[in-house]
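Tertiary structure, described
In case you want the letters, here they are:
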Amino acid sequence: MTPTLIAWIVAVTTGATGGKLLGTFLRSRSFGLIGNPVISLLGGLAIWQGAVLAGMASPEDYIFAGILSLIGGIAVLILASRLRRG
């Protein structure tokens, strides 16, 4: 496996897992069993790829990809839950 593929796998896994774990704490503002991991996954991948495109991260650095995906996914899920509630 190439380092870039490993980074993608780590980013997808940590983004979805972070959304699932945060969904257990945001019971009243949750998007459901499938919604939380999907929103967090998309947000985490967007943050990670944004950092790669901006030159702040390497696409082969899977540890940094996991950290960015986790933080970005949680941040996007919290923002989405706050916007949904109004």
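The residue numbers shown here count from 1 along each chain, following its written sequence. This being a predicted model, a pLDDT of at least 70 is required before a residue's local features are given, and a value of 80 or more before pairs of side-chain atoms are given or counted; all residues contribute to the totals for chains, interfaces and linings. Think of the side-chain values as coming from all heavy atoms in the structure, minus any hydrogens and water.

On to the packing of aromatic side chains. Pairing of aromatic side chains here covers Phe, Tyr and the six-membered ring of Trp, requires ring centres within 6.5 Å, and sorts the geometry by plane angle: under 30 degrees stacked, over 60 edge-to-face, intermediate tilted. Under the definition given, this model contains 1 aromatic pair. Summarising the aromatic geometry, the rings of tryptophan 8 and tryptophan 48 are spaced 5.1 Å apart at their centres and angled 80 degrees between planes, so their arrangement reads as edge-to-face. Of this pair, tryptophan 8 sits in helix α1 (residues 3–25) while tryptophan 48 sits in helix α2 (residues 35–53), and the two are 40 residues apart along the sequence. For every residue, the accessible area (1.4 Å probe, protein chains only) is compared with the maximum for its type, and the residue is labelled buried under 20%, exposed over 50%, or partly exposed between those bounds. Of the residues examined, tryptophan 8 reaches a relative accessible area of 36% and is grouped as partly exposed. Residue classification places tryptophan 48 among the buried positions, given a relative accessible area of 0%. Comment: elements are numbered from the N terminus, with helices defined as DSSP H or I runs of at least four residues and strands as E runs of at least two.

We now examine a nonpolar patch on the surface. Without a salt bridge and with relative accessible area above 30%, a residue can belong to a patch; like charges are then joined within 9 Å and nonpolar side chains (Val, Leu, Ile, Met, Phe, Trp, Tyr) within 5 Å. Accessible surface area values rest on a Shrake-Rupley calculation with a 1.4 Å probe, where residue burial reflects the displayed protein chains alone. Whenever a carboxyl oxygen of Asp or Glu lies within 4 Å of a side-chain nitrogen of Lys or Arg, that contact is scored as a salt bridge. Together, Met1, Leu5, Trp8, Ile9 and Val12 line one region of the surface with nonpolar side chains, adding up to about 490 Å² of accessible area. By the secondary structure assignment, valine 12 is in helix α1. The exposure class assigned to valine 12 is partly exposed, which follows from its relative accessible area of 34%.

Bringing the environment of glycine 32 into the picture now. Locating glycine 32 in the fold gives a position in the loop between α1 and α2. Here glycine 32 falls in the partly exposed class, since its relative accessible area comes to 32%. Glycine 32 sits 12 residues away from lysine 20 along the chain, and the two C-alpha atoms are 9.2 Å apart.

What follows is about the side chain of serine 81. Tracing the chain through its elements places serine 81 in helix α3 (residues 62–85). Two N or O atoms form a polar contact when they lie within 3.5 Å of each other; inside protein one atom must be a possible hydrogen donor and the other a possible acceptor, and for residues adjacent in sequence the pair counts only when both atoms belong to side chains. Separated by 2.8 Å, the side chain of serine 81 and the backbone oxygen of isoleucine 78 make a polar contact.

What follows deals with the packing of α1 against α2. Here the axes come from fitting lines to C-alpha atoms, over the contacting stretch only for helices, and the angles between their N-to-C directions go from 0 to 180 degrees. Following both chains from N to C, one finds α1 and α2 inclined at 135 degrees, their axes separated by 7 Å at the closest point. In terms of orientation, α1 lies oblique with respect to α2. Both α1 and α2 take part in a crossing whose hand is right-handed. Residue-level inspection shows Ala7, Trp8, Ala11, Val12, Gly15, Ala16, Gly18, Gly19, Lys20 and Gly23 of α1 in contact with α2, the latter providing Asn36, Pro37, Ser40, Leu41, Leu45, Trp48 and Gln49. Any angle that falls under 35 degrees is termed roughly parallel, while one over 145 is termed roughly antiparallel, one within 65 to 115 roughly perpendicular, and all others oblique. Crossing chirality is assigned from the near helix's rotation relative to the far helix, an anticlockwise turn below a right angle marking it left-handed and a clockwise turn marking it right-handed. Residue contacts follow a heavy-atom distance rule, with two residues in contact if any of their heavy atoms lie within 4.5 Å.

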